[in-house]
Every structure is written in structure tokens, then in C-alpha cells.
Amino acid sequence: MSRYPLGQYEADSITSRTGKKLSEITLDEVKKGNITADDIKISKEMLRRQGEVASENDNPAMAANFQRASELVDVPDEVILQMYNKLRPNRSTKLELVQMAQELLEKYGAVHCAKLVMEAVEIYEKRGILL
């Protein structure tokens, strides 16, 4: 069982997306130019661990959010921004959202994110907020 906050209690095991340990990411290392933007991005594993903490503390909604976030680590930022815009009410057709869910599933293996988009399609259709 992990103790929360992970940064305080599990700092030695926390790594960034590039594998740098949290303890290696210091202001001095940033000033020396030894830390890149990718070095401070969270890893899939850390998001999953955050989800485990949420589950252990009876917060299934937060655990699901961390699961979806872990799936998005490998999705390019520009794709995530496009998704955000497409998911806004009255911005997309049903077909566009279905295709987005399909891309999440097939290209990025983001099963839970694709499922969330499909749930949004159903709700948007019922509420009449699709193009």
C-alpha cells in the first residue's frame, strides 16, 4: 500500500516520464540545464499508482480519472487539444466523436478514454448538443 502524498512518502520511487527520479529534479539541475520539459512530465506508472491510492481510499471516480490520464501519456499534446475542442457541446458530429474514440482505442490503446468518449456521444445525443 502506498502512502499519500506520494511525493512526500514515496519520493525515492517516483520517476518522471523519462525515468528521472523525483529527487534528481532540483532547481540546481534546472539551472544547469540538466532537466528538460519531458523530465518533469508524469509517467504512466505514477498515474496508475495515484489511481491505486484513490482505490485504496474508496474513491473509484478519482481512480478512474487517473486510469484515463495514464492512457493519455502517450497521446500527443496537439491530439489532446483537438479532443478537448471536439468534446465541447455543439462542436462535433456523432461520427466525429465516434471516430475520435476509435482513434484513441486503435492508435493509442486508450480503452478507458475511448469508452468515456462513447458515453459522451450517448449523452450529447440525448441532450441534442451534437452538430
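So, a few notes on the structure that sits alongside this text.

Conventions we followed
Residues numbered from 1 in each chain as written. Predicted model: local features only at pLDDT ≥ 70, side-chain atom pairs only at ≥ 80, totals over all residues. Heavy atoms only, no water. Core = buried A, V, L, I, M, F, W, Y, C linked by side-chain atoms within 4.5 Å. Buried < 20%, exposed > 50% of the residue type's maximum accessible area, 1.4 Å probe, protein only. Helix = DSSP H or I, 4+ residues; strand = E, 2+ residues; numbered from the N terminus. Contact = heavy atoms within 4.5 Å. Salt bridge = Lys/Arg side-chain N within 4 Å of Asp/Glu carboxyl O. Axes fitted to C-alpha atoms, helices over the stretch in contact; angles between N-to-C directions. Parallel < 35°, antiparallel > 145°, perpendicular 65-115°, else oblique. Nonpolar A, V, L, I, M, F, W, Y, C, P; charged D, E, K, R; others polar.

## Focus on the nonpolar core
If you look at the biggest cluster of nonpolar residues, it comprises 17 residues, and the most contacted ones within it are Val 79, Met 83, Leu 97, Met 100, Leu 104, Val 117 and Tyr 124. Looking at this core, the elements with two or more residues in it are α5 (77-86), α6 (94-108) and α7 (111-127). Of all the elements, α7 adds the most residues to this core, at six residues. The contacts of Leu 97, once residues within four sequence positions are left out, are Lys 86, Leu 87, Ser 92, Val 117, Val 121, Tyr 124 and Leu 130.

## Description of unusual backbone geometry
Positive phi, normally seen in glycine, also occurs at Asp 58, with a value near 55°. Within the fold, Asp 58 resides in the loop between α3 (44-56) and α4 (60-72). Phi angles above zero are rare outside glycine, and Asn 90 is one such case at about 60°. Position of Asn 90 among the secondary structure elements: in the loop between α5 and α6.

## Considerations on the pattern of salt bridges
Under the criterion given, the structure shown has five salt bridges. Its salt-bridge partner being Glu 29, residue Lys 32 comes within 3.6 Å of it at the nearest N-O pair. With a relative accessible area of 58%, Lys 32 lands in the exposed category. Lys 94 is the partner of Glu 125 in a salt bridge, and the nearest nitrogen-oxygen pair spans 3.2 Å. Placement of Glu 125 in helix α7 and of Lys 94 in helix α6 is noted, with a sequence separation of 31 residues between them. Residue Lys 94 is classed as partly exposed on the basis of its relative accessible area, which comes to 38%.

## With respect to the packing of α6 against α7
Direction vectors running N to C along α6 and α7 enclose 170°, while the axes themselves pass 7 Å from each other. With respect to each other, α6 and α7 are oriented roughly antiparallel. Across from Lys 94, Leu 97, Val 98, Met 100, Ala 101, Leu 104 and Leu 105 in α6, the residues of α7 making contact are Val 111, Cys 113, Ala 114, Val 117, Met 118, Val 121, Tyr 124 and Glu 125. A breakdown of the residues in the contact of α6 with α7 according to their chemical character gives 13 nonpolar, no polar and two charged.

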